Amino acid sequence: MTAPLRVGILGLGTVGAAVYQALLRHTSSIANRSGRPVTVTAVSARDKIRDRGIDLTGVAWFDDPLALAASDTVDCVVELIGGADGMAKSAVEAALAKGKHVVTANKALLAKHGSSLVALAEKHNATLNFEAAVAGGIPIVKTLRESLAGNQVTRVSGILNGTCNYILSRMELEGLTFDACLADAQRLGYAEADPTFDVGGFDTAHKLSILASLAFGAEIDADAVYVEGIASITPLDLIMADELGYRIKLLGVAERTQTGIEQRVHPTMVPKSWAIAQVMGVTNAVNVAADIVGELTLVGPGAGGNATASSVLSDLVDIARGIILPPLGMASSALAVLERAPMQRHEGGYYIRLAARDRPGAAAGIATRMAEQAISLESIVQKRPPASRAADPAGKSGAPVPVVLITYATTEEAIRKALDAMIADGHIAEPPQLIRIERG
Ligand code: HSE
């Protein structure tokens, strides 16, 4: 066998420890598949004395990640520090500048600096692998970059954040609160260090921008992603979705439209009969539509130590085998500038929940504002809570009541104009809830 691939790991959190353990557990099969051993020779983390349940005997410890990144004792650096800037970026740059291959799970870093880091890797004949950055254990990066290289992709979409899917699933199925579900997701090692990245939709947006680059042969353009998170989803929305035949999922969608490439992340109502509606818990799912192959869907664990470690290992085996590919599927000089489609032009159905003031003319006023924008309504449901009915049987108080509107396909611009007009009319007591509907 040839010389081992000497690996340095930066960051020994949930994922770093799982990578280290898996490399020990599968030492011989990985060596056989790679044609050479893959050995961790150096690590760097914040706290040297913390018990991580791993035996680091014989592994060099670096207090300074930059020193490890530039060290001649490693051929390849696995960056698991996280964060779009700071030490993660400096360490990746230092390693690439020395011609070392880099494996990273850092979607925030790639979303912000991916195009320039790829160019740096090219310049130094190194590679930058990032299967673990998108959808945890699902091999979607290789699927787009390698398996579908002969296709023109028209759409890539899916559930890309395990934490959000876990929260929405448990809120719906167990009636738990948002906060309780988020705390469990953190305890299980699914959530980001700052969980607002998860629940605010930003983590999904980072991943989507990477997938869009691979799918459409364009530079990563995370600023072009329209982002809404799940924090505003209430138990009533989940109940209404169920009654109407839908489930609420945080979807990321990148799609070629007539106005350019649309990239959007938002809670979405999907028909319960769809396969993606059955994807529950920390599981992710990615659907790709492409001209030659048609449509395919990959489903698997989206977060957690072992799921992410599995993807890191596949990148390491590629490097050990000598498979060095353009990270974004083509030379960085061949990547196009992504043509942005404005969200205002987005077309689809909408679920709108209003806290309407319960008084004569309110419903008619709301309907008028929708009609003015040529929005056609599929259904209207006024849901007065039992407690309010008991306290005020004749509805004399004018207290706000939930009114849910389901629209046929319309544009984002028309919906926004109608809602603005309703708010100006004074018919609505709280900011409206708006959830887009996918009907296929
Ligand atoms: N916080 C991320 C998630 C981890 O929940 O999906 C995997 O990228």
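Residues numbered from 1 in each chain as written. Predicted model: local features only at pLDDT ≥ 70, side-chain atom pairs only at ≥ 80, totals over all residues. Heavy atoms only, no water.

Participant: Got a minute to help me understand the site of the ligand in this structure?
Facilitator: Within the structure, the ligand sits among Lys-107, Asn-161, Gly-162, Thr-163, Tyr-190, Ala-191, Glu-192, Asp-198, Asp-203, Lys-207, Gly-302 and Ala-303. Tyr-190 places a main-chain nitrogen or oxygen 2.7 Å from a nitrogen atom of the ligand. Bound to the protein, the ligand loses 94% of the 260 Å² it would expose on its own. Elements with a minimum of two residues in the shell around the ligand: helix H7 (162-174) and helix H10 (202-216). When grouped by side-chain class, the residues that make up the shell around the ligand number three nonpolar, four polar and five charged. (Near = heavy atom within 4 Å. Polar contact = N/O pair within 3.5 Å; in protein donor to acceptor, adjacent residues only side chain to side chain. Areas by Shrake-Rupley, 256 points an atom, 1.4 Å probe, with all protein chains shown as cover. Helix = DSSP H or I, 4+ residues; strand = E, 2+ residues; numbered from the N terminus. Nonpolar A, V, L, I, M, F, W, Y, C, P; charged D, E, K, R; others polar.)

Participant: Honestly, the packing of aromatic side chains in this entry has me stumped. Any pointers?
Facilitator: Each aromatic ring pair is specified by the distance between its two centres and by the angle formed by the two planes. For the structure shown, the criterion picks out two aromatic pairs. When the centroid spacing of 5.5 Å and the interplanar angle of 75° are considered together, the rings of Tyr-166 and Tyr-190 count as edge-to-face. Here Tyr-166, found in helix H7, pairs with Tyr-190, found in the loop between helix H8 (178-187) and helix H9 (196-199); they are 24 residues apart in sequence, far enough to count as distant. Under the relative-accessibility criterion, Tyr-166 is labelled buried at 10%. Exposure remark for Tyr-190: the relative accessible area of 18% places this residue in the buried category. On the basis of an interplanar angle of 70° and a centroid distance of 6.4 Å, the ring pair of Phe-197 and Phe-202 is categorised as edge-to-face. By relative accessible area, which is 33% here, Phe-197 ends up partly exposed. (Phe/Tyr/Trp six-rings, centres within 6.5 Å; stacked < 30°, edge-to-face > 60°. Buried < 20%, exposed > 50% of the residue type's maximum accessible area, 1.4 Å probe, protein only.)

Participant: Explain the environment of Ile-210 to me, please; I cannot follow it from the model alone.
Facilitator: Tracing the chain through its elements places Ile-210 in helix H10. Take Ile-210: its relative accessible area is 0%, and that puts it in the buried class. Remark: the alpha-carbon pair of Ile-210 and Ala-111, spanning 99 residues in sequence, is separated by 6.3 Å. Not counting residues within four places of it along the chain, the set of residues in contact with Ile-210 comprises Lys-107, Leu-110, Phe-130, Val-134 and Ile-220. (Contact = heavy atoms within 4.5 Å.)

Participant: For this particular structure, what's the right way to read a nonpolar patch on the surface?
Facilitator: Taken together, the side chains of Leu-66, Ile-81 and Met-87 make up a nonpolar region of the molecular surface, amounting to roughly 210 Å² of accessible area. Classification of Leu-66 by relative accessible area gives partly exposed; the value is 31%. (Patch = residues over 30% accessible without salt bridge, like charges linked within 9 Å, V, L, I, M, F, W, Y side chains within 5 Å. Salt bridge = Lys/Arg side-chain N within 4 Å of Asp/Glu carboxyl O.)

Participant: So what exactly am I meant to see when it comes to the sheet that holds strand S2 (residues 38-44) here?
Facilitator: Either a parallel or an antiparallel arrangement is found when strands of a sheet pair, and the pairing is made through backbone hydrogen bonds. With parallel pairing, six strands are arranged side by side in an open sheet as S3-S2-S1-S4-S5-S6. The sheet is open, and its two borders are formed by strand S3 (60-61) and strand S6 (128-129), each paired with just one other strand. Two elements, strand S5 (residues 101-104) and S6, share two bridges in a ladder whose sense is parallel. Within the sheet, the bridge partner assigned to Val-102 lies in S6 and is Leu-128. (Pairing = 2+ DSSP bridges.)

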